[in-house]
Amino acid sequence: MAAAATATLSPPARTPPTYHRIVSETLLVPADPLQAVPVGLLACQRDPLLRDLATTAVSCRLSQSAAVPSTGREGKKKKAAPAPTAPLLEVVLHDTVIFPEGGGQPSDVGLLTSADGECWDVVEAKRHGGHAVHYVRLKPEQTTDDALRLFAPGAVVAVSLGVQGYKRRLDHMCMHTSQHLLSAVLESKLKVDTLAWSLTAHPAPCYVDVSRALTPEEIAYVQAEANRLVFEGRTVHVEVEELDPTAKVMSGPSVGIPSDYTGGVKRTVVIDGIDRNPCCGTHLPTIHNLQLFLLPHTETLARSTGSSVRLSFLAGPRLLDHLAATHALLASTAGIMSCGAPQVPERVQQVVDERKRAAKRVDDLEAELARAIAQELAAGRGGKTAVHRHRTDDAPNALGFLSAISTAYVSGAAEGGKGAPYLVVLSSSPSAQTTTSTTVVLVFGSDDKKVKEVGDGLKLKLNVKGGGKGPRWSGKFTGVWKDGREGTAVASILQSLNF
């Protein structure tokens, strides 16, 4: 077995002191431990590589929500949240390293540690107005009274991302910063606007919706241009200023100021020499190591204002995971096909072609067998007008084969030109039957009324579910079909016919 490919991405060890720049002379990060730092000035936004922080509680209350929303990217149609299995608290801290969702970026998850050393799970953080609210799910051994006491205003609290929380944050930062880079290159080089984007759940590719289709050459050019800037190691920094009350509210793909934001801060993410965009999300301090891969296929979408094209992309840990998974699939397929990886497409095509030839041969043989059975039925009627033939068949489309027999029989009767009346009942059961097995039944004949009469008899005596029109009737029997029981019942129905 081939060894799985592995790779890692190492982010910068620390955030440069020039990353976060307050450009308004009167704007300050609140120092009062009982005042919440507004979203836009949070520690996670000032230093995106910071993993833990000592802070204080500002407020704590039992959540009014039935359940916290999903921590994944929510679509337009929200699914009903499952009923919670434990109480949910809403905790506001003076400052936090846990990012509340915004700017198209999902929420972080993490941990709170109270003064007594107890750990509390933060399952999501959301922005309420201008403040970050931490949704804390209580464990079975934790009580609401203890939580309200330990997170009372002024209580010392440690907040951290934890190992899994930081992996999630790093993935989100890589994809979000890459989206800014991708959209900037599309706009500056091809004059193609980004209409929307989605930071999907790991490990799926993220995507941007753009204003027109791109040729394969254009996709390759955008990827090469973006990666040229990546290899240059362009820096990223954030400029923060007081929010102009007349500032434009959100009008694009997570661009602008949300209409319900009350934090009073405008935050602009700058990729050196490439892009400036209002955004509240967390971003890496450099695009170095953010090699970008654009999936070469696109998807055309219908929008209320016209059409758009969806372009998927990968970067950072998500790209490495995609490469590792793809390599593992290719290596596994090569092993199954007993060939080297470069020969896999050729060998798969050979298998597909052989399968098509085998399927055609089966179809031809079934058609030949259906004609032979039809001729045998016609020759072996022994003067009987109505006959029944039962088969054992494990084919996935047993009814289709019965239909082929009926078509051959009717064709032979027409060629004979004798005009003698006939009625045939065909049934087919699997070789191994249980109480839930299905036996298919097909009735056809020269007299529509007689066909319906037999169908009605099968419904009445054998509880066969089905119906038909004209000279054909088909149905399904559920259970174990036995010739001495069900077969006898069919024979009695046929004997009662009066031609």
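Note that the structure is a prediction, hence the values are computed from the model and not measured. (Residues numbered from 1 in each chain as written. Predicted model: local features only at pLDDT ≥ 70, side-chain atom pairs only at ≥ 80, totals over all residues. Heavy atoms only, no water.)

**Here we look at the sheet that holds strand 11 (residues 265–271)**
Okay, so step 1: Taking strand neighbours across the sheet as the criterion, the four strands line up as 1-10-11-12 in an open arrangement whose pairing is mixed. Strands with a single pairing partner mark the edges of an open sheet, and in this sheet they are strand 1 (20–22) and strand 12 (275–278). Each strand of the sheet is rotated relative to its neighbour by a mean of 25°, with strand direction disregarded.
Okay, so step 2: Strand direction decides the pairing type here: strand 11 and strand 12, joined by four bridges, are antiparallel. By the bridge assignment for strand 12, T268 is matched with P278.
Okay, so step 3: In this fold helix 3 (residues 162–190) packs onto strand 10 (236–242), strand 11 and strand 12, with an angle of close to 70° to the strand it touches most, strand 11. (Pairing = 2+ DSSP bridges. Helix = DSSP H or I, 4+ residues; strand = E, 2+ residues; numbered from the N terminus. Axes fitted to C-alpha atoms, helices over the stretch in contact; angles between N-to-C directions. Contact = heavy atoms within 4.5 Å.)

**Section: the packing of helix 3 against helix 4 (residues 216–232)**
Okay, so step 1: At their nearest, the axes of helix 3 and helix 4 sit 10 Å apart, and the two run at 120° to each other. Put simply, helix 3 runs oblique to helix 4. Crossing angle aside, the handedness with which helix 3 passes helix 4 is right-handed. Residues L181, L182, V185, L186, K189 and L190 of helix 3 form the contact with helix 4, whose participating residues are E218, Y221, V222, E225, A226, L229 and V230. (Parallel < 35°, antiparallel > 145°, perpendicular 65-115°, else oblique. Left-handed = near helix turned anticlockwise from the far one by under 90°.)

**Observations regarding the environment of P33**
Okay, so step 1: Along the chain, P33 falls in the loop between strand 1 and helix 1 (43–46).
Okay, so step 2: Expressed as a C-alpha distance, the spacing of P33 and T55, which sit 22 residues apart in the sequence, is 7.5 Å.

**Thoughts on helix 6 (residues 344–379)**
One full turn of an α-helix is made of 3.6 residues, so residues set three or four places apart face in the same direction.
Okay, so step 1: Its 36 residues place the ends of helix 6 52 Å apart at the C-alpha level, agreeing with the 52 Å of an ideal helix rising 1.5 Å per residue.
Okay, so step 2: If you check which residues of helix 6 are buried, you get V344, A370, I373, A374 and L377. (Expected span 1.5 Å × (residues − 1). Buried < 20%, exposed > 50% of the residue type's maximum accessible area, 1.4 Å probe, protein only.)

**Concerning the confidence of the model for the protein chain**
Okay, so step 1: Averaged over every residue, the pLDDT of the protein chain is 90; residues scoring 70 or more account for 90%.
Okay, so step 2: Low pLDDT, under 50, characterises residues 71–78; the predicted model gives this stretch 13 contacts beyond four residues in sequence or across chains. (pLDDT = per-residue confidence, 0-100.)

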